[in-house]
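Structure at a glance
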Amino acid sequence: MAGRLEGKVALISGGARGQGRSHALRLAREGADIITFDVCRQLGTVPYPMATSEDMKETVRLVEDLDRRIVAREADARDLSAVQAVVDEGVAEFGRLDIVSANAGIAAFAENTWSITEEQWEEMIGVNLSGVWRTVKAAVPKMIDAGNGGSIVITSSTAGVKGMAGIGHYVSAKHGVVGLMRTLANELAPHSIRVNTVHPTGVNTPMIHNEFMDQALASPDFGGNLMNALPVEEVEPVDISNAILFLSSDEGRYITGVSLPVDAGFLGK
Ligand SMILES: NC(=O)c1ccc[n+]([C@@H]2O[C@H](COP(=O)([O-])OP(=O)(O)OC[C@H]3O[C@@H](n4cnc5c(N)ncnc54)[C@H](O)[C@@H]3O)[C@@H](O)[C@H]2O)c1
């Protein structure tokens with residue numbers, strides 16, 4: 001049976017592990033070839049271990065096991081020329097670009113907003129907001145040139161819908177990408193390119209399963225940030241991948257400018 005993305009090409013940022021790897025595999029299973037990049041090194045203000053080159057190799061192996069092609073490179077979403085080089089290489093190899101999942105991101109806690117350091121603020125906004133803009137900036141002209149329409153899905157968060165104590169920089173970036181999405185949805189509609197955000201609640205990835213986050217989330221100040229209505233502590237990466245697949249397939253062909261929570265009812269409480 002033909003997949004829902006047969007013949008399509010998807011760019012995924014932050015594909016070395018976690019949700020990004022899951023998106024690569026889910027979209028590849030539906031027939032897409034994959035272009036991905038990840039910083040694959042530790043950033044100075046991130047308090048938990050980030051992805052490694054080994055993680056990226058594993059993503060490549062898993063996609064190739066599905067008999068799909070993948071161009072995977074190490075690049076920092078904050079470095080436009082590096083991101084552009086990956087996009088250019090992938091599009092030269094596969095001949096088109098249909099789907100963008102701007103997924104790469106970092107998390108961090110501070111006691112409160114006024115104790116966030118300038119370095120923490122700049123790095124958070126640099127990756128989670130400006131990095132998304134750079135990813136889109138590198139990809140959109142290729143999508144327009146190809147003339148096939150397409151879908152861009154930016155990964156925000158429940159923190160892109162409501163305020164949460166202790167993560168003012170994260171909340172600001174995740175709200176910021178909603179404004180970016182709404183603007184792009186208007187700008188790109190004439191090209192039949194749709195733009196949406198997904199808003200996950202806590203997801204079972206190394207971002208929240210590590211010593212630092214275990215401690216932060218155990219605190220009564222922050223623990224409420226991750227309490228769902230449905231009887232599930234967190235969702236799985238594939239739950240977000242399925243939402244991105246739906247938005248990016250023909251089934252979502254008239255959905256644009258929308259913020260889609262995948263939040264086990266968290267925001268409705
Ligand atoms: N895990 C959660 O609970 C949760 C909840 C809501 C939203 N999110 C968002 O989902 C997205 C994916 O996170 P995840 O849960 O898979 O975490 P993760 O830490 O497992 O994966 C994030 C990936 O992004 C990469 N990355 C970080 N900074 C980068 C940069 N500057 N350039 C390129 N790559 C970079 C990391 O190396 C890592 O591989 C993030 O945007 C995150 O904010 C996560």
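These notes cover the structure that comes with them. (Residues numbered from 1 in each chain as written. Predicted model: local features only at pLDDT ≥ 70, side-chain atom pairs only at ≥ 80, totals over all residues. Heavy atoms only, no water.)

Moving on, we come to the pairing of strand E1 (residues 9-13). Most of E1 is tucked away, with five of its five residues classed as buried. The side-chain alternation of E1 yields two buried faces, one formed by Val 9, Leu 11 and Ser 13 and the other by Ala 10 and Ile 12. Pairing of E1 with strand E2 (residues 33-38), which is carried by five bridges, proceeds in the parallel orientation. Bridging across to E2, Ala 10 finds its partner in Ile 34. For the segment spanning E1, helix H1 (residues 18-29) and E2, crossover handedness is right-handed. (Buried < 20%, exposed > 50% of the residue type's maximum accessible area, 1.4 Å probe, protein only. Helix = DSSP H or I, 4+ residues; strand = E, 2+ residues; numbered from the N terminus. Pairing = 2+ DSSP bridges. Right-handed = clockwise from strand over helix to strand, strands pointing away.)

We now examine the packing of H1 against helix H2 (residues 53-65). With their axes 10 Å apart at the nearest point, H1 and H2 run at an angle of 10° to one another. Put simply, H1 runs roughly parallel to H2. For the pair formed by H1 and H2, the contact residues are Arg 21, Ala 24, Leu 25 and Ala 28 on the first element and Asp 55, Glu 58, Thr 59, Leu 62 and Val 63 on the second. Along the lines of polarity and charge, the residues of the contact of H1 with H2 split into five nonpolar, one polar and three charged. (Axes fitted to C-alpha atoms, helices over the stretch in contact; angles between N-to-C directions. Parallel < 35°, antiparallel > 145°, perpendicular 65-115°, else oblique. Contact = heavy atoms within 4.5 Å. Nonpolar A, V, L, I, M, F, W, Y, C, P; charged D, E, K, R; others polar.)

For the ligand, the set of nearby residues contains 29 residues, the closest of which are Arg 17, Asp 38, Asn 103, Tyr 170 and Thr 205. In this structure, an oxygen atom belonging to the ligand sits 2.8 Å away from a main-chain N or O atom of Asn 103. Of all the secondary structure elements, the ones that give two or more residues to the shell around the ligand are H1 and helix H5 (168-188). Considering only residue class, the shell around the ligand consists of 14 nonpolar, 11 polar and four charged. (Near = heavy atom within 4 Å. Polar contact = N/O pair within 3.5 Å; in protein donor to acceptor, adjacent residues only side chain to side chain.)

What follows covers the side chain of Ser 151. With respect to the helices and strands, Ser 151 occurs in strand E5 (residues 150-155). A polar side-chain atom of Ser 151 sits 2.9 Å from a polar atom in the side chain of Ser 248. Not counting the four nearest positions on each side in its chain, Ser 151 is found in contact with Asp 98, Ile 99, Val 100, Met 143, Ile 193, Arg 194, Leu 247 and Ser 248.

Moving on: the packing of H1 against helix H7 (residues 237-248). In the contact formed by H1 and H7, the axes pass within 8 Å of each other and the chain directions differ by 50°. When the interaxial angle is binned, H1 and H7 end up oblique. Seen from above, H1 lies across H7 with right-handed handedness. Of the residues in H7, those in contact with Gly 18, Gln 19, Ser 22, His 23, Arg 26 and Leu 27 of H1 are Pro 237, Val 238, Ile 240, Ser 241, Asn 242, Ile 244 and Leu 245. Class assignment of the residues belonging to the contact of H1 with H7 gives a composition of six nonpolar, six polar and one charged. (Left-handed = near helix turned anticlockwise from the far one by under 90°.)

Next up on the list: the pairing of E2. Among the six residues in E2, six count as buried, and that is most of the element. Where burial is concerned, the two faces of E2 agree: the one with Asp 33, Ile 35 and Phe 37 and the one with Ile 34, Thr 36 and Asp 38 are both buried. Relative to strand E3 (residues 70-74), E2 runs parallel, the two sharing five bridges. Following the sheet pairing, Asp 38 is matched in E3 by Glu 74. As a crossover connection, the stretch from E2 through H2 into E3 is right-handed.

On to the side chain of Asp 263. Tracing the sequence through the fold places Asp 263 in the segment after strand E7 (259-262). The side chain of Asp 263 is buried and forms no salt bridge, while Lys 269, the nearest opposite charge, is found at 9.2 Å. A distance of 2.7 Å separates a polar side-chain atom of Asp 263 from the backbone nitrogen of Leu 267. (Lys, Arg positive; Asp, Glu negative; His and termini not counted. Salt bridge = Lys/Arg side-chain N within 4 Å of Asp/Glu carboxyl O.)

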